[in-house]
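So the chains spell out like this:
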Amino acid sequence: MTSPNHDAVDPAPADEFLWLEDIYGDRQLDWVRSENAVTENLLSRTGFEQTGERLLQVLDSTDRIPMVAKRGEHYYNFWRDAAHPKGLWRRTTWQNYTAADTEWEVLLDLDDLSAAEGTEWVWGGSMFLRPADGVSYRRALVALSPDGGDAARYREFDVVERAFVPGGFDIPAAKSRISWAGEDSLYVGTDFGPGSMTTSSYPRSSRILRRGQELKDAEPFFEVPEEHMMAVVQRDQTPGFERDLAVDIIDFYNTRTFLREGSEWVQLDVPLDVNVDVHREWLLLRPRTDWELDGATHPAGSLLAAPVAEFTAGNRTVHRLFTPDASTSLQSWSWTRDYLLLNLLRDVSSEILVLAPGDGWRAEPLDACPPLHSVDAYAVDDEDEEAGNDYWLVSTGFLTPSTLSRGTLGSTGRAEAVKTTPSLFDTSGLTVEQHFAVSADGTKVPYFQVAPQDLVLDGGNPTLLNGYGGFEASLTPAYSGVVGRGWLERRTTDAGGVERHGVYVLANIRGGGEYGPEWHRAALQENRHRAYEDFAAVAEDLVARGVSSREHLGCTGRSNGGLLVGNMLTTYPHLFGAVSCGVPLLDMRRYTKLSAGYSWIAEYGDPDDPAQWEFVKTFSPYHLIKEGVSYPPTLIWTATSDDRVGPVQARKMAARMKALGAEKVWFHEALEGGHAGAADNRQSARMHAMSYEFLWEALTGRLA
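In what follows, the accompanying structure is described. In this text, all values refer to a predicted model and were calculated from it rather than measured experimentally. (Residues numbered from 1 in each chain as written. Predicted model: local features only at pLDDT ≥ 70, side-chain atom pairs only at ≥ 80, totals over all residues. Heavy atoms only, no water.)

Another point: the pairing of strand E2 (residues 74-81). With three bridges joining them, strand E1 (residues 69-71) and E2 adopt antiparallel strand pairing. Within E2, the position partnered with Lys70 by the bridge is Tyr75. The turn linking E1 back onto E2 is made up of two residues, and Gly72 within it adopts a positive phi angle of 65 degrees. With six bridges connecting them, E2 and strand E3 (residues 84-92) associate as antiparallel partners. When the sheet's bridge partners are listed, Asp81 is paired in E3 with His84. Counting the residues between successive antiparallel strands, the hairpin from E2 to E3 contains two residues. (Pairing = 2+ DSSP bridges. Helix = DSSP H or I, 4+ residues; strand = E, 2+ residues; numbered from the N terminus.)

A few words now on the sheet that holds strand E11 (residues 185-189). Hydrogen bonding along the main chain pairs the strands of a sheet, whether they run parallel or antiparallel. Strand order in the open sheet formed by four strands is E10-E11-E12-E13, with antiparallel pairing between adjacent strands. In this open sheet, the two strands that pair with only one neighbour each are strand E10 (177-182) and strand E13 (219-223). Each strand of the sheet is rotated relative to its neighbour by a mean of 25 degrees, with strand direction disregarded. Sheet analysis places E11 next to strand E12 (residues 205-210), joined by four bridges and oriented antiparallel. In the sheet register, Leu186 faces E12, and the bridge partner there is Leu209. (Axes fitted to C-alpha atoms, helices over the stretch in contact; angles between N-to-C directions.)

Note that an α-helix has 3.6 residues per turn; residues three or four places apart therefore point the same way. Counted at 1.5 Å a residue, the expected span for helix H1 (residues 26-44) with its 19 residues is 27 Å, and the 26 Å between its end C-alpha atoms agrees. Looking only at H1, the buried set comprises Gln28, Leu29, Trp31, Val32, Glu35, Asn36, Thr39, Leu42 and Leu43. Looking down the long axis of H1, one finds its buried residues gathered within 150 degrees of arc, a one-sided arrangement. Opposite the buried face of H1, at more than 90 degrees from it, the exposed residues are Asp26, Arg27 and Ser44. Buried positions along H1 lie against helix H2 (48-59), strand E40 (634-639), helix H13 (648-659), strand E41 (665-670) and helix H14 (681-699). (Expected span 1.5 Å × (residues − 1). Buried < 20%, exposed > 50% of the residue type's maximum accessible area, 1.4 Å probe, protein only. Arc of directions from axis to C-beta. Contact = heavy atoms within 4.5 Å.)

Moving on to the pattern of salt bridges. Counted by the stated rule, this structure contains 55 salt bridges. The salt bridge partner of Lys593 is Asp608, with a shortest N-O separation of 2.6 Å. One end of the pair, Lys593, is in the loop between strand E39 (578-582) and helix H10 (601-604); the other, Asp608, is in the loop between H10 and helix H11 (610-616), and 15 residues separate them in sequence. Residue class for Lys593 comes out partly exposed when judged on its relative accessible area of 45%. Taking the relative accessible area as the measure of exposure, Asp608 reaches 43% and is therefore partly exposed. (Salt bridge = Lys/Arg side-chain N within 4 Å of Asp/Glu carboxyl O.)

This paragraph deals with the nonpolar core. The biggest cluster of nonpolar side chains holds 70 residues, and the ones touching the most others in it are Leu465, Phe535, Val538, Phe576, Tyr604 and Met657. Element by element, the count of residues in this core is highest for helix H8 (residues 529-544), at eight residues. In this structure Phe535 touches Leu465, Asn466, Gly467, Ala507, Ile509, Cys555, Leu564, Met568 and Phe576, once residues within four positions along its chain are discounted. The next biggest cluster of nonpolar side chains, apart from the first, holds 41 residues, and it includes Val348, Trp519, Leu635 and Ala689. (Core = buried A, V, L, I, M, F, W, Y, C linked by side-chain atoms within 4.5 Å.)

In the contact formed by H8 and helix H9 (residues 560-571), the axes pass within 10 Å of each other and the chain directions differ by 70 degrees. Judged on the interaxial angle alone, H9 and H8 are roughly perpendicular. For the pair H8 and H9, the sense of crossing is right-handed. Where H8 approaches H9, its residues Ala531, Tyr532, Phe535 and Ala536 are matched on the opposing element by Leu563, Leu564, Asn567 and Met568. Per-class residue counts for the contact of H8 with H9 are seven nonpolar, one polar and no charged. (Parallel < 35°, antiparallel > 145°, perpendicular 65-115°, else oblique. Left-handed = near helix turned anticlockwise from the far one by under 90°. Nonpolar A, V, L, I, M, F, W, Y, C, P; charged D, E, K, R; others polar.)

Set out below in structure tokens:
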């Protein structure tokens with residue numbers, strides 16, 4: 001196993017590119033446009049435009065599944081295609097949804113709205129007020145971002161009139177957290193002025209805003225310390241169980257949950273690292289570390305249940321609903337009216353359990369999960385009188401187009417397919433395999449390989465390795481026409497006359513959630529290098545097995561995955577022939593002072609603490625770049641309007657690499673699009689095409 005290079009780094013090096021942190025400065029944007037021109041000139045000599053158009057066909061396909069959310073008698077969907085690049089918010093009935101040609105009632109056309117208001121609105125979602133009868137849904141809060149970033153404006157909308165409510169609620173664009181408190185009031189966490197946002201740039205309070213009231217006059221209701229991540233208040237609208245809940249999100253992994261009793265907030269007596277879910281009469285608890293409760297130890301990643309009333313009264317008797325093992329973890333859960341659905345992963349393949357609380361929590365598997373596939377089950381509408389036990393089933397695999405099915409728990413029938421994604425790329429001759437690499441400390445690390453069945457194992461195959469490894473996020477098998485057309489369909493003939501196909505690999509490294517919270521915690525803070533050692537081990541295993549070789553092996557990652565491949569670039573440059581680094585974290589000395597970075601201290605550590613900077617600096621790519629090192633060809637890409645990670649780290653990394661003599665470094669910054677890097681399908685297609693085209697040219701030896 002290759003040993004990483006962790007040379008000492010100056011604890012406070014001079015930052016000659018600090019000036020690039022002025023996101024919208026004229027000089028800075030001139031630098032961006034100049035670098036964009038260089039990158040676009042490079043790509044213009046490739047098949048970039050054709051690839052972009054082929055990927056746009058996938059994203060604009062009118063045959064893809066329109067996923068819906070049921071509210072009352074209607075099914076709501078947001079949709080983008082070639083004719084509606086900014087998108088349509090629309091709804092239909094179940095009878096229409098299941099028809100071959102669905103008829104939709106358009107509620108809001110964002111292209112028309114953007115043209116009328118002179119703002120390039122990007123959809124951010126909707127939030128309905130539950131009506132008294134549970135059927136006649138009418139009022140919703142619609143979130144619209146002016147630039148694709150996380151900051152959004154919330155406006156009250158009437159779905160019957162198909163218009164914004166005159167004089168209705170209208171909260172200016174900010175990183176807000178808002179929920180309905182009643183027909184004529186909201187719980188609003190937003191930017192109320194100086195001191196109202198946390199150090200992480202999120203709301204530190206929630207206030208009661210009544211209809212017709214000015215935002216500045218909203219009544220204080222719940223507040224958290226400025227150094228905590230954010231405050232959230234929600235009104236549980238479930239009939240018979242109406243209540244207010246507040247959450248003090250201290251950081252990504254520690255929270256305090258409160259229930260409103262009279263005029264007071266009462267904190268639930270559970271450890272800070274226990275995930276809490278309140279549903280009707282039940283309290284669900286998922287500890288992130290082992291929890292000793294009344295003489296019993298409940299392991300990290302287990303799921304416990306207790307009646308809310310009994311638990312808050314001091315009774316600590318709980319039901320253990322799920323216990324993890326070395327191969328199996330709990331990923332999510334969903335309540336129907338009479339059942340609880342548990343979505344599990346066993347060695348990164350899906351399993352589903354159906355639990356019956358009314359029958360002593362009897363558990364039975366749902367037979368719907370083929371190997372090496374991802375299947376997710378969740379309730380359609382647990383409050384619906386007739387469909388309360390109906391569930392959606394979304395199944396997908398690398399070579400299996402996604403299918404949306406619907407079934408009913410408690411019945412004898414299986415879920416029936418409702419919609420299926422058409423085949424969007426040629427899968428003939430391709431196969432999916434799972435392999436396990438051995439990391440530096442002996443840990444087995446799974447990865448998926450999508451490749452031709454007759455793959456020649458001589459190291460000559462252009463191979464793309466993707467990963468993330470952070471925030472307990474799991475990477476699972478999924479059908480993607482973008483990956484299919486962008487990489488798997490690619491062909492080239494090498495100098496020896498052998499036809500080569502694109503090989504795609506997905507690594508399930510530590511830091512993710514594939515094996516539960518322990519898998520994540522194994523790569524936190526001072527142990528961050530385990531994630532990078534895992535990724536390097538997968539790269540080395542691909543070479544050892546003859547799948548690829550250094551010159552033909554590329555890697556890609558976005559956001560925290562950008563930090564991952566940034567460390568591959570700086571610490572393991574000998575393993576890769578090209579690197580595509582998207583919307584990345586790279587300057588770990590200043591990440592807490594940029595955009596939402598302060599909220600990630602629980603993941604990475606605090607660089608302002610000298611003791612923690614000692615380990616943080618060892619995985620800060622911006623500080624690991626050195627003169628005289630032969631770095632692989634690198635594309636660093638970002639978006640100006642990304643207000644989560646921000647574009648400045650990508651800018652500075654590219655500038656420093658070039659200043660230190662790295663020859664093959666390219667940079668591109670989309671001038672809109674937020675953390676996703678794109679605000680519509682065309683921008684998204686170009687973003688993906690840029691990365692794929694760059695990597696293919698580099699790994700097949702054709703990069704200029």
